[in-house]
Amino acid sequence: MLLRHAYGSALRRARLRRGMTLRQLSQASSVSVPYLSEIERGRKEASSEILATVCAVLGLSVHDLLRETARELSLTAAPVLDLSARRDDLLLERRAETDVDARDVLLLVA
C-alpha cells in the first residue's frame, strides 16, 4: 500500500466520522471537491500545507493523521524476511562465490 492511499483512507474516515460531505470539507478548507476526492482515493499526493489545512478542519492534528496512517500501513504491510540469523552463513557463501566485501550482501531485518 502506498502512503497516499493510507492517509487518503484515514482522511475519508475522519470526514465521515464528523458527518461531513466532500462539499462541506471543500468549503471549509478552500480545497476543491475533485482534489479532495483524489486525495481520499489515494490518487493524488497532497502537500503538507493542504494536509495541515484539511486536518485542522476535521479537528485532527497532523500527528493524529500520521499515527492513523502508520496504523493502516502496519495492518497491510507485507512481512519482511529476517535474514539476521543466517548472516554469517550468507556472508561466507557470498565470499566463496566471488570474494567480495561484506558490504555487498543485503540484509533485510525487521
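Residues numbered from 1 in each chain as written. Predicted model: local features only at pLDDT ≥ 70, side-chain atom pairs only at ≥ 80, totals over all residues. Heavy atoms only, no water.

Thoughts on the overall build of the protein
Move 1: The secondary structure content of the protein amounts to 6 helices and 0 strands.
Move 2: Counting helices and strands in the order they occur from the N terminus, the protein gives α-α-α-α-α-α.
Move 3: A burial count over the protein gives 29% of its 110 residues as buried.
Move 4: Contacts in the protein between residues far apart in sequence, at least 24 positions, make up 64% of those at least 6 positions apart.
Move 5: Looking at the protein as shown, the accessible area adds up to about 7,300 Å², and 55% of this sits on carbon and sulfur atoms. (Helix = DSSP H or I, 4+ residues; strand = E, 2+ residues; numbered from the N terminus. Buried < 20%, exposed > 50% of the residue type's maximum accessible area, 1.4 Å probe, protein only. Contact = heavy atoms within 4.5 Å. Areas by Shrake-Rupley, 256 points an atom, 1.4 Å probe, with all protein chains shown as cover.)

Some details on the packing of helix 1 (residues 3–17) against helix 5 (residues 62–76)
Move 1: Following both chains from N to C, one finds helix 1 and helix 5 inclined at 120°, their axes separated by 9 Å at the closest point. With respect to helix 5, the element helix 1 is oriented oblique. Every pair of crossing elements has a handedness; the one defined by helix 1 and helix 5 is right-handed. Each of Leu3, Ala6, Tyr7, Ser9, Ala10, Leu11 and Arg13 in helix 1 lies in contact with helix 5, whose residues at this interface are Leu65, Glu68, Thr69, Arg71, Glu72 and Leu73.
Move 2: For the contact of helix 1 with helix 5, the residue count by class is 7 nonpolar, 2 polar and 4 charged. (Axes fitted to C-alpha atoms, helices over the stretch in contact; angles between N-to-C directions. Parallel < 35°, antiparallel > 145°, perpendicular 65-115°, else oblique. Left-handed = near helix turned anticlockwise from the far one by under 90°. Nonpolar A, V, L, I, M, F, W, Y, C, P; charged D, E, K, R; others polar.)

Here we look at the pattern of salt bridges
Move 1: Across all of its chains, the model carries 8 salt bridges by this definition.
Move 2: For Arg13, the salt bridge is made with Glu68, and the minimal N-O distance between the two is 2.7 Å. Of this pair, Arg13 sits in helix 1 while Glu68 sits in helix 5, placing them 55 residues apart in sequence.
Move 3: Note on Arg13: relative accessible area 28%, which makes it partly exposed.
Move 4: Salt-bridge contacts for Arg41 lead to Glu38; the nearest nitrogen and oxygen are separated by 2.5 Å.
Move 5: A cluster of three or more residues bridged by salt bridges with shared partners is formed by Arg13, Glu68, Arg71 and Glu72. (Salt bridge = Lys/Arg side-chain N within 4 Å of Asp/Glu carboxyl O.)

Here's the deal with the side chain of Arg15
Move 1: Assignment of secondary structure puts Arg15 in helix 1.
Move 2: Side-chain polar atoms of Arg15 contact the side chain of Glu40, separated by 2.6 Å.
Move 3: Discounting chain neighbours no more than four positions away, the residues touching Arg15 are Met20, Thr21, Leu22, Leu25, Glu40 and Leu58. (Polar contact = N/O pair within 3.5 Å; in protein donor to acceptor, adjacent residues only side chain to side chain.)

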